[in-house]
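Now for the letters of each chain:
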Amino acid sequence: MAVLIDYIWQSTFCLFFFFGVYWVFLRNEKVFVFTRAYILITPILALLFPLVKIPVSFYKPDISLENSQLFRALSLEQVPDEVAGFYGLPEVTVQSTKLPMLMELKDYFIIFYLIVFTFLASKVFWQVIQLRLLKEKGWYQTIYKLKEKYFLIPTFGLAPIFSYFNELYWDETQELSNEEKDQIIKHEIEHIRQGHSWDIMYYQILSVLFWFNPAIHLMRAALVDVHEYLADENVLKQTTNKENYPKLIVKIAFKGMDLPIGNYFIRSTTLKRILMMKNSKKPNRFKMTMILPLTLMLLALVSMKTKVGLTDFLISNTQKIELIKDQLTASQDSLEVAIKVKKIKNPVHYELIGALEGDKLTAQLGELIYEFSDISSDEEYIKVRSLINTLRGNSRIVKNYGPVKTYDQVAIKPSPKNGEDEWHKTLADALAEIMPEKEKELGLASSIELEYIITSEGKIKNPIVRKSIGGGVDEKIIKMLVDEQSASWTPGEHGGEKVDVVHHLNLKLSYPSKMAENRDSYDFFPEVIEVPINNTRNRIINDDTIFDVVEKAPNPPGGMEGWNEYLKSNLKYPEAAKENGIEGTVFVVFVVNKTGFIEDPEILKGVSPEIDAEALRVVKASPNWEPGKQRGQDMNVRMRLPIRFKNGSINPTANSTEEIPTVVRNNNEPYDKVDTPPSPQGKMEGWNQYLAENLKYPNTAKENKTEGTVYLTFIVKKDGTVENPEILRGIGAGCDEEALRVVRNSPKWNPGKQGGQAVDVRMRLPIRFNLSKASGETGEVTPTEAFNRHVTKSIKYPTEARRSGETGTVLVQLDFDSKGKIESSKIVKGISKEIDEEVDRVVNTSAPSWKVSGNGDQFKAVLPITFRLGGVSSGESKPSAGMKNEIVVVGYGSTSKSSKVIDEYKEQQFNTYADKFSTPLESSVKAKPMVVVDGTIKEFGELNDIKPSEIKNMEVVKKPSSEDLSKYGEGAKNGIIFVQLGKK
């Protein structure tokens, strides 16, 4: 629907433009044949121009509605069913975001269009019938004029004089002299001879099909005028008494029925025709020559599309709807609001949180729009805002700015003319002033991050929201940025020229006292739910960005065979290396830019200075490559290629050493390129499965948080065995050694073949070490959906434990067999007798099996089950505070403020214990706050000894004041927990 409306708008704009050109340049010019052709051709051009796409690399104005609010609003109506969901209490249903309506808005538009279309088409059909009746009535008196090749048909006064194709309808009731009759007949014969009826039918069809386009009707009226001017012009050429002809036009008036499908001697253009006859000016050739450049200008405006627009998100990464469903389903246990999810294309902002309107709140996060409704209280509103924080990672986008430079890429940075400090202070003051009172009262202020372009003229354009502060504030700040009264900037410079630069603005606003009051609700949901999407963040790229991986890699002229031929023809073996018997493989890294030119060649792994220099020389002199592509766009791509120098093929009997071959392979050397490359057992899927089952993440790498890609080279022999693995580029911390170990121990490959024969082939493969996937090592067990469902449905919060305010985490050690069946369970850390017995009752050998990945006969795991009162949601297997596979049981009855703090401490104890097992579990506690009990500084661990019933009051201060820091020292900088005890 949105695309159709955009097309209609653009085609209408084009036709109005063409009509404007006619009105200004052709309307009063006596170039009727040219004008007729112009009016006939321009509707086709107006319909075609919006369909033509001419990609250009520069930025230009665009009349398209793609970036308008109307277009985006209509686009939301076209949400794919498979990525939409509606979540509400008491149950969750995945369905379309569209309400079950008989008809949608577009259906009403189509029906209205068809009604008008049918009416107009019926009207034309009725006119044709009338014409046929008129023809049949006078057919017996019809005369065929052989010389002029037309039928003369009488109308008996039922219609005025007109022509229709080769038929001239004559009104004999008109009292006309022979001279007048002759002039009128000559006029109508010109209509017949020049085929004006075809023009009328052509525009009649356009008027019916595109009745909604007013420019069509204006052009049609202009065409009628031009037809009459053409006929009058030819009659005047054949008439001796030119003064009588205009009088004849005035004399005759309309009579009888008027059929628009014909050419009438008299229309409402009488005065125009007379004025045109009296116009004796010569045609203005300058006006005619302006038609072509204006048409080309319109084509450029409408059809030229910037390859990647300022609002084009080149890459998007959005979670599957099933994972989002799990998150929102879990939130329903503690948040009684309805949630609707939609997916949109090419959003303007990275994210945008709207203002609370009644009981509704809308938040656009990446490509997803969340619509919350039935928000009944301030506490629920705060919890919804907390949930929004956890949903941010579900959809990330990367924005491409094309040739616009980033802030780090320019030598002279753009800056406000009134200074950075004053600029930020002005905006910060404005932010504090426009912040809604409700957000201030609830302490919901956080930060806003904007992204915009500082132009080479020092103006701000295209501001968008990177991180939304909500409350409807974002749009107001953006309006301030683009306001003409806002501060002007000194533009950035690159290469001595002023250039456009992408800039960011980050403003923070907080109300510590209010935030502390509502901290429990604001922190109700964890900052991150589940695993983030490959650590993807909202980011920007431009024409200078270099990709390591693209959809279509760069290719040398003639492919790799052409590249090898180029090396053989141009590479020379250095004399010094030849004399010293130095040989080996040089690995060169270089960038193939968007034009295919090779830039920045460097040695990744060298052999000797002479050989390295020769390899660089040949690469630099290489002809242009075919550039790499990402989503159809040419990109800068970094390439890594080997060049092998082998001295063993020199002919010892040669009298001269000048023709020593270069980069050649002797009979004992493996091939670098063959007809059929080697492949692992089970293809690449089997290789990936082998790595998943056998690759172990080194402890040193995990401790140092080392991750990256290890590049290896190895030889696949004729029999499929793997030999001589070497590191091309490593990342250290034990990862290189682990990659070598796995490759050495890999099963046989399917050997490569050259000319149908198995041969030795050198392979190069990357092995990725990713901390976010480190849990996929050998020996991991993970709970199945059946197990999680069994626990969450069966386990209860003991009544006595709830009344006593008992909270915390039970750690259950589970032993599994090779199939994931629970062989034994043991509580290694409990809370109370009642809670421990409830856990024993549910989690035992009769519970459903777990999923096992890897080889082994026995496995161990620790299952945390957290009991909370009025705390975070009880989602299935949803880690609410960083504990792997945690299951949360929420009870109601006690709201002790100490429970959350004590839980955090117990979670830290759990993580320490869990380190003994193969399953890695990360700690959720980072820097410990200071604990002050009744005015005395205590150890953080002593909180665990305080019973909730003993606490009279508790206050958590995240950012202590300078007075508190002076009183309690540096240890208080991580926050202070003030505890006041009551009677024991």
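Residues numbered from 1 in each chain as written. Predicted model: local features only at pLDDT ≥ 70, side-chain atom pairs only at ≥ 80, totals over all residues. Heavy atoms only, no water.

Going by what an unreviewed UniProt entry lists, the protein chain is known as TonB family protein and is assigned to Belliella marina. For the record of the protein chain, the UniProt heading Sequence similarities (unreviewed entry) holds the text "Belongs to the TonB family." (UniProt positions renumbered as here; feature names shortened; annotations may be inferred.)

Draft legend 1. Quick look at the sheet that holds strand 41 (residues 930–933). The mixed open sheet is built from 4 strands, whose spatial order is 42-41-44-43. Since the sheet does not close on itself, it has two edges, and those belong to strand 42 (936–938) and strand 43 (951–957), each with one partner. Each strand of the sheet is rotated relative to its neighbour by a mean of 25 degrees, with strand direction disregarded. Where strand 43 lies against strand 44 (residues 976–981), 6 bridges are found, and the strand directions are antiparallel. (Pairing = 2+ DSSP bridges. Helix = DSSP H or I, 4+ residues; strand = E, 2+ residues; numbered from the N terminus. Axes fitted to C-alpha atoms, helices over the stretch in contact; angles between N-to-C directions.)

Draft legend 2. Highlighting the UniProt feature "transmembrane region" (unreviewed entry) in the protein chain. UniProt records the feature "transmembrane region" (unreviewed entry) for residues 7–25, 37–58, 108–129, 150–170, 200–219 and 286–304 in the present numbering. Along residues 7–25 the backbone is 100% helical and 0% strand, and the end-to-end C-alpha distance reaches 27 Å. In residues 200–219, helix accounts for 80% and strand for 0%; the two terminal C-alpha atoms are 11 Å from one another.

Draft legend 3. Quick look at the packing of aromatic side chains. Evaluation of the coordinates by the stated rule reveals 30 aromatic pairs. Here Phe 17 and Phe 18 contribute two aromatic rings whose centre-to-centre distance is 6.3 Å and whose plane-to-plane angle is 80 degrees, an arrangement assigned as edge-to-face. The class for Phe 18 is buried, based on a relative accessible area of 0%. Look at Trp 211 and Phe 212: their rings are 5.7 Å apart centre to centre, the planes differ by 75 degrees, and that puts the pair in the edge-to-face class. Site record: aromatic cluster; members linked through ring pairs are Phe 112, Tyr 113, Phe 117, Phe 210, Trp 211 and Phe 212. Residue placement shows Arg 27 over the ring face of Trp 23; its charged tip is 3.7 Å from the ring centre. For the cation-ring pair, Arg 466 lies above Tyr 350, with the distance from its terminal atom to the ring centre recorded as 4.8 Å. (Phe/Tyr/Trp six-rings, centres within 6.5 Å; stacked < 30°, edge-to-face > 60°. Buried < 20%, exposed > 50% of the residue type's maximum accessible area, 1.4 Å probe, protein only. Lys NZ or Arg CZ within 6 Å of the ring centre and 35° of its normal.)

Draft legend 4. Structural view of the nonpolar core. Within the largest apolar cluster, 32 residues are counted, with the highest numbers of intra-cluster contacts made by Tyr 22, Leu 26, Tyr 38 and Ile 39. Taken together, the elements giving at least two residues each to this core come down to helix 1 (2–26), helix 2 (32–48), helix 6 (196–209), helix 7 (214–238) and helix 11 (291–303). With sequence-adjacent residues up to four places away left out, Ile 39 is seen in contact with Tyr 22, Tyr 203, Met 219, Ala 222, Leu 223 and Val 226. (Core = buried A, V, L, I, M, F, W, Y, C linked by side-chain atoms within 4.5 Å. Contact = heavy atoms within 4.5 Å.)

Draft legend 5. The side chain of Thr 295, seen in detail. Mapped onto the elements of the fold, Thr 295 is located in helix 11. Beyond its immediate stretch of four places on either side in the chain, Thr 295 contacts Phe 18, Leu 45 and Phe 49.

Draft legend 6. Examining the sheet that holds strand 19 (residues 460–467) more closely. In space, the 4 strands of this open sheet follow the order 16-23-18-19, with mixed pairing throughout. The open sheet has two free edges, formed respectively by strand 16 (405–406) and strand 19, since each of these has just one partner strand. Sheet analysis places strand 18 (residues 447–454) next to strand 23 (residues 501–508), joined by 8 bridges and oriented antiparallel. Its bridge partner being in strand 23, Ile 448 is matched across the sheet by Leu 507. Contacts between helix 14 (residues 420–434) and the sheet are confined to strand 18, strand 19 and strand 23, with strand 23 contributing the most and set at about 50 degrees to the helix. The sheet contacts of helix 16 (residues 473–482) involve strand 18, strand 19 and strand 23, and relative to strand 19 the element is tilted by about 155 degrees.

Draft legend 7. Geometry of a positive patch on the surface. Together, Lys 467, Lys 508, Lys 958 and Lys 959 make up a region of like positive charge exposed at the surface. Tracing the backbone shows Lys 958 in the loop between strand 43 and helix 29 (962–968). (Patch = residues over 30% accessible without salt bridge, like charges linked within 9 Å, V, L, I, M, F, W, Y side chains within 5 Å. Areas by Shrake-Rupley, 256 points an atom, 1.4 Å probe, with all protein chains shown as cover. Salt bridge = Lys/Arg side-chain N within 4 Å of Asp/Glu carboxyl O. Lys, Arg positive; Asp, Glu negative; His and termini not counted. Charge placed at Lys NZ, Arg CZ, Asp CG, Glu CD.)

Draft legend 8. Helix 19 (residues 559–570), seen in detail. In this model, helix 19 (12 residues) spans 17 Å end to end at C-alpha, consistent with the 16 Å of a helix rising 1.5 Å per residue. Within the sequence span of helix 19, burial applies to Gly 559, Trp 563, Tyr 566 and Leu 567. Along helix 19, the residues classed as buried sweep out an arc of 120 degrees about the axis, all on the same side. Residues Glu 561 and Ser 569 are exposed on helix 19 and point more than 90 degrees away from its buried face. As for helix 19, its buried residues are in contact with helix 21 (609–620) and strand 29 (633–645). (Expected span 1.5 Å × (residues − 1). Arc of directions from axis to C-beta.)

Draft legend 9. A look at the environment of Pro 929. Inspection of the secondary structure assignment puts Pro 929 in the loop between helix 28 (898–914) and strand 41. The residues touching Pro 929, leaving out its near neighbours within four places in the chain, are Phe 940, Asn 974, Gly 975, Ile 976 and Ile 977.

Draft legend 10. Region of the structure containing a nonpolar patch on the surface. A cluster of nonpolar side chains, namely Ile 44, Leu 48, Leu 51 and Val 52, defines an oily patch on the protein surface of about 330 Å² accessible area. Along the chain, Leu 51 falls in the loop between helix 2 and strand 1 (54–56). With relative accessibility at 55%, the residue Leu 51 sits in the exposed group.

Draft legend 11. Helix 24 (residues 735–744), seen in detail. The buried count for helix 24 comes to 7 of 10 residues, which makes it a mostly enclosed element. Three or more residues of helix 24 are buried, namely Cys 735, Asp 736, Glu 738, Ala 739, Leu 740, Val 742 and Val 743.

Draft legend 12. Structural detail: the pattern of salt bridges. Here the structure, examined in full by the defined rule, presents 22 salt bridges. Here the residues in one salt-bridge network are Glu 449, Glu 451 and Arg 466, joined through shared partners.

Draft legend 13. Seen up close, the pairing of strand 7 (residues 167–170). Along strand 7, one buried face is formed by Glu 167 and Tyr 169 and the opposite face, lined by Leu 168 and Trp 170, is buried too. Of the strand pairs in this sheet, strand 5 (residues 150–154) and strand 7 are connected by 4 bridges, and their pairing is parallel. Considered in strand 7, the bridge of Phe 151 is made with Glu 167. As defined by bridge partners, strand 6 (residues 162–164) adjoins strand 7 across 3 bridges and the pair is classed as antiparallel.

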